[in-house]
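Chain by chain, the residues run as shown.
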Amino acid sequence: MAIPTSRAKENAEIRIIEELCTGCGLCVDVCSDFGLVIEDGKAKTSDKAVFGCIACGHCMAVCPEGAIEIHGRTMSPSDLFDLPPKDKAADYDQMLVLLRRRRSIREFDGRPVEGNKIEQILEAAVTAPMGLPPSDVNVLVLDSREKNRAFVKDFCEFLETIRWFVSDWFMALMRPFWGKSNDEMFRDFVKPCFDIYISSMKKGENVVTYDAPLVMYFYGSPYTDPADPVVAATYAMIAGESMGLGTCMLGAIHPMIQYGRKARRFREKYGIKYASREGLFVIFGYPSVKYNKGIKRTFASVTSN
Ligand SMILES: Cc1cc2nc3c(=O)[nH]c(=O)nc-3n(C[C@H](O)[C@H](O)[C@H](O)COP(=O)(O)O)c2cc1C
Ligand code: SF4
Ligand code: SF4
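Residues numbered from 1 in each chain as written. Chains lettered and ligands numbered in written order. Predicted model: local features only at pLDDT ≥ 70, side-chain atom pairs only at ≥ 80, totals over all residues. Heavy atoms only, no water.

For the environment of cysteine 193, give the residues involved together with the corresponding values.
Tracing the sequence through the fold places cysteine 193 in helix α6 (residues 168-202). Overall, cysteine 193 belongs to the buried group, its relative accessible area being 9%. As for cysteine 193 and valine 207, which are separated by 14 residues in sequence, their C-alpha atoms are 9.6 Å apart. (Helix = DSSP H or I, 4+ residues; strand = E, 2+ residues; numbered from the N terminus. Buried < 20%, exposed > 50% of the residue type's maximum accessible area, 1.4 Å probe, protein only.)

Written out as structure tokens, the structure is:
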């Protein structure tokens, strides 16, 4: 049995190099699939594996002897790299400063985001945890204001063709199926979004992605854990912040391009490979606004029992 993703349908192969193995058992401890055991002082594959090797790579990464290799599901020993030194890692205070200084930025000074910074954002975002390896997150990158604007212009034209979705008759029809909170969301948020997006674009104003010079769309596949694109997008946002870019997450586009033939055509035009349960846009650019104060936030609840 193998857990399928869009990139891998088979289990990975576990190769143990017996001559190098000291039987320390570290690989056994970190394999959450129960795929390894120690027998006769050496690591062996176990017959108690739950799913079969998912190629998380943990056994390879923990082994001090280089005595275990994983091949398959896009992984090989060449995916290991030397850990950066611990004293180079940001400490809590540094991290908190970065997070506390962040604001959602929707005003940009017109400078493009340099190619190497785009690479760095992706380099950081790809380290995000995922429900199951190999990651099933896909990223669409629009790397200029012009590409962004063309995308949003098309998006608003597409919205116009599905405006019936927020018509009174459709929302009344759907209310018994999708319930009170969805009904409120549609009437008080989604419908006004449709209206403002479309009418602003007609006047040449982009209030969807704010003409940012860089847009990234993180989305999944039918196999993806729905949280994965959101986690990756969050990493990307924090990476952008660390480089002095202003960032803003945009949740409104994704749900509107999921359903129906027209949405599929729109996705195809932009090389968006799948409809997916969750997905998130993040915009990046050099801010033209500077905040003087931070803003305290609270969670809806924090309960401990
Ligand atoms: C999942 C998510 C979706 C969001 N969608 C939008 C959006 O579509 N348009 C927008 O202008 N801001 C959007 N935002 C930004 C929020 O409005 C913003 O985070 C919130 O107002 C708090 O401001 P702050 O980020 O400066 O603390 C989104 C944020 C998140 C986390
Ligand atoms: S961690 Fe390496 S050396 Fe230790 S038991 Fe596993 S394969 Fe052998
Ligand atoms: S790669 Fe992960 S699942 Fe596979 S044997 Fe190693 S620890 Fe277990």
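Tell me about the site of ligand 2, residues and numbers included.
Neighbouring ligand 2 are the residues Cys21, Thr22, Gly23, Cys24, Gly25, Leu26, Cys27, Ile38, Ala43, Cys63, Glu65 and Ala67. Residues belonging to the shell around ligand 2 are distributed by class as follows: eight nonpolar, three polar and one charged. (Near = heavy atom within 4 Å. Nonpolar A, V, L, I, M, F, W, Y, C, P; charged D, E, K, R; others polar.)

Quick rundown of the site of ligand 3? Include the residues and the values.
Contacts to ligand 3 come from Ile14, Cys31, Cys53, Ile54, Ala55, Cys56, Gly57, Cys59 and Ile70. Residue classes in the shell around ligand 3 are distributed as eight nonpolar, one polar and no charged.

Summarise the packing of helix α5 (residues 145-161) against helix α9 (residues 261-269); cite the residues concerned and give the values.
Packing of α5 against α9 brings their axes to within 10 Å, and their N-to-C directions diverge by 170°. Between α5 and α9, the angle is such that the two are roughly antiparallel. Across from Phe151, Asp154, Phe155, Phe158 and Thr161 in α5, the residues of α9 making contact are Lys262, Ala263, Phe266 and Lys269. (Axes fitted to C-alpha atoms, helices over the stretch in contact; angles between N-to-C directions. Parallel < 35°, antiparallel > 145°, perpendicular 65-115°, else oblique. Contact = heavy atoms within 4.5 Å.)

Outline the nonpolar core, supporting the account with residue identities and numerical values.
Counting 39 residues, the largest nonpolar core has Phe151, Phe155, Phe158, Leu159, Phe194, Tyr197 and Ile257 as its most contacted members. When contributions to this core are tallied by element, the ones reaching two or more residues are β5 (138-142), α5, α6, β6 (214-219), β7 (246-250), α8 (253-256), α9 and β8 (279-285). Per-element tally for this core: the top contributor is α6, with ten residues. If sequence neighbours within four positions are ignored, isoleucine 257 has contacts with Phe155, Phe158, Tyr217, Ala263, Phe266, Arg267 and Ile272. Grouped together as the second largest cluster of nonpolar side chains are 18 residues, Ile121, Met243, Leu245 and Tyr286 included. (Core = buried A, V, L, I, M, F, W, Y, C linked by side-chain atoms within 4.5 Å.)

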